[in-house]
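Coordinate analysis (summary)
Here are the chains, one letter per residue:
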Amino acid sequence: MQIRTAEFEISASEVGGCPQDALPEFAFIGRSNVGKSSLINALTNRKNLCRVSKTPGRTRLINCFKVNEDWRLVDLPGYGFVKTGKKDRGVFEELIGRYFVEREGLSCCFVLIDSRHSPQTVDLDFTAWLTANAVPFVLVFTKADKLKPNPLQRNVDAFLKAMEEFSSALPRVLVTSAQSGEGRQELLKFIGLCLASSGAE
Ligand code: GDP
């Protein structure tokens, strides 16, 4: 798939503030610093598309971008903030939870995992939640340029193995690097296939 246009639509503090049309959408989520903004920029070939998501005050919002006029890329707030108080975290998780329950146009969620690390509880907990709620998702390992193929594969395998505790059908895995462009075509191809099967493209 070619990216022809990519434009910022809206930042929403509540799910109800997201656009109300029926465009198919693809959500991106992961721990802060996982490389989400870099990947979204690399994917859309825009240097600064995600600048808006980094603006102070907007990091806790749902940021929506329209791509090629016919699908939506949704940048969800990063989870697992160490510094967030318990109360804040509750509000935050409710926002994310409601997003997945309420957005009917959601086609797939891309869960970004830093490929340098062994499985982290916060990522496993989140994928367990998606599994329990029947949300379709793909694991996207980021920053692949930072380590050699063998350790990278070990981390991917360890994550999938840990997921076997709560999931019988393991998700699709994509390995990416915003720096080298690895995995970009595969990710776009996957989005294209989802759109084709939903009749959008
Ligand atoms: P976000 O907080 O998840 O949006 O993460 P960012 O996209 O801001 O990236 C966090 C840090 O990781 C930045 O210093 C990026 O330059 C770096 N980074 C992101 N993606 C990659 C990648 O693919 N390779 C490398 N080497 N560094 C990356």
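In case you missed it, the structure is sitting above this.
Since the model is a prediction, treat every value here as computed from it, not as a measurement.

Around the ligand, the surrounding shell holds 14 residues, and the nearest of these are Lys36, Ser37, Ser38, Asp145 and Ala178. A distance of 3.2 Å separates an oxygen atom of the ligand from a polar backbone atom of valine 34. The contact in question runs from an oxygen atom of the ligand to an N or O atom on the backbone of glycine 35, over 3.0 Å. Relative to its unbound accessible area of 570 Å², the ligand is 73% covered by the protein chains. When the residues that make up the shell around the ligand are grouped by side-chain class, the tally is two nonpolar, seven polar and five charged.

Okay, the side chain of threonine 44 next. Checked against the element boundaries, threonine 44 lands in helix 1 (residues 36–44). At 2.7 Å, the side chain of threonine 44 forms a polar contact with the backbone oxygen of isoleucine 40.

Right, let's talk about the sheet that holds strand 4 (residues 71–75) for a bit. On the basis of which strands lie adjacent, the open sheet formed by seven strands has the order 1-3-4-2-5-6-7 and mixed pairing. Strand pairing shows two members of the sheet lacking a second neighbour, strand 1 (6–12) and strand 7 (173–175), which therefore form its edges. Averaged over all neighbouring strand pairs, the angle between strand axes comes to 25°, with direction disregarded. Where strand 1 and strand 3 (residues 62–67) come together, six bridges link them in antiparallel fashion. Looking across to strand 3, one finds that isoleucine 10 is bridged to cysteine 64. Helix 1 rests against strand 1, strand 2 (25–30), strand 4, strand 5 (106–114) and strand 6 (137–142) of the sheet, and its axis sits at about 145° to strand 2. Here helix 5 (residues 149–163) sits on the sheet in contact with strand 5, strand 6 and strand 7, set at roughly 150° to strand 6.

Scanning the entire structure with this criterion turns up 10 salt bridges. Note that arginine 72 and glutamate 25 form a salt bridge whose closest N and O atoms lie 3.4 Å from each other. Placement of arginine 72 in strand 4 and of glutamate 25 in strand 2 is noted, with a sequence separation of 47 residues between them. A single burial state applies to arginine 72 and to glutamate 25, both of which are buried. A salt bridge links aspartate 114 to arginine 116; the shortest N-O distance between them is 2.7 Å. The exposure class of aspartate 114 is buried, given its relative accessible area of 6%.

Rules used in this analysis
- All residue numbers refer to positions counted from 1 along the written sequence of the respective chain.
- pLDDT decides what is reported in this predicted model: residues at 70 or higher carry local features, side-chain atom pairs at 80 or more are listed and counted, and totals for whole chains, interfaces and linings draw on all residues regardless.
- Side-chain figures throughout are based on the complete set of non-hydrogen atoms in the structure, without hydrogens or water.
- A molecule or strand has a residue near it when one of that residue's heavy atoms lies within 4 Å.
- In protein, a polar contact requires one atom able to donate a hydrogen and another able to accept it; more generally it is a pair of N or O atoms within 3.5 Å, and residues adjacent in sequence count only if both atoms are side-chain atoms.
- Accessible surface is estimated by sampling points in the Shrake-Rupley manner with a 1.4 Å probe; for residues, cover comes only from the protein chains shown.
- Side-chain classes follow a simple rule in which Ala, Val, Leu, Ile, Met, Phe, Trp, Tyr, Cys and Pro form the nonpolar group, Asp, Glu, Lys and Arg form the charged group, and the remainder, Gly included, forms the polar group.
- Only DSSP runs of H or I reaching four residues or more are called helices, and only runs of E reaching two or more are called strands; each is numbered from the N terminus.
- A pair of strands counts as paired when DSSP detects no fewer than two bridges linking them.
- A fitted line through C-alpha atoms serves as each axis, taken over the contacting stretch for helices, and the angle formed by two N-to-C directions is quoted from 0 to 180°.
- In this analysis, two residues are considered to be in contact whenever any of their non-hydrogen atoms come within 4.5 Å of each other.
- Just to be clear on terms, a salt bridge is a Lys or Arg side-chain nitrogen sitting within 4 Å of an Asp or Glu carboxyl oxygen.
- Relative accessibility under 20% of the residue-type maximum defines a buried residue, over 50% an exposed one, and the middle range a partly exposed one, all with a 1.4 Å probe and only protein chains included.

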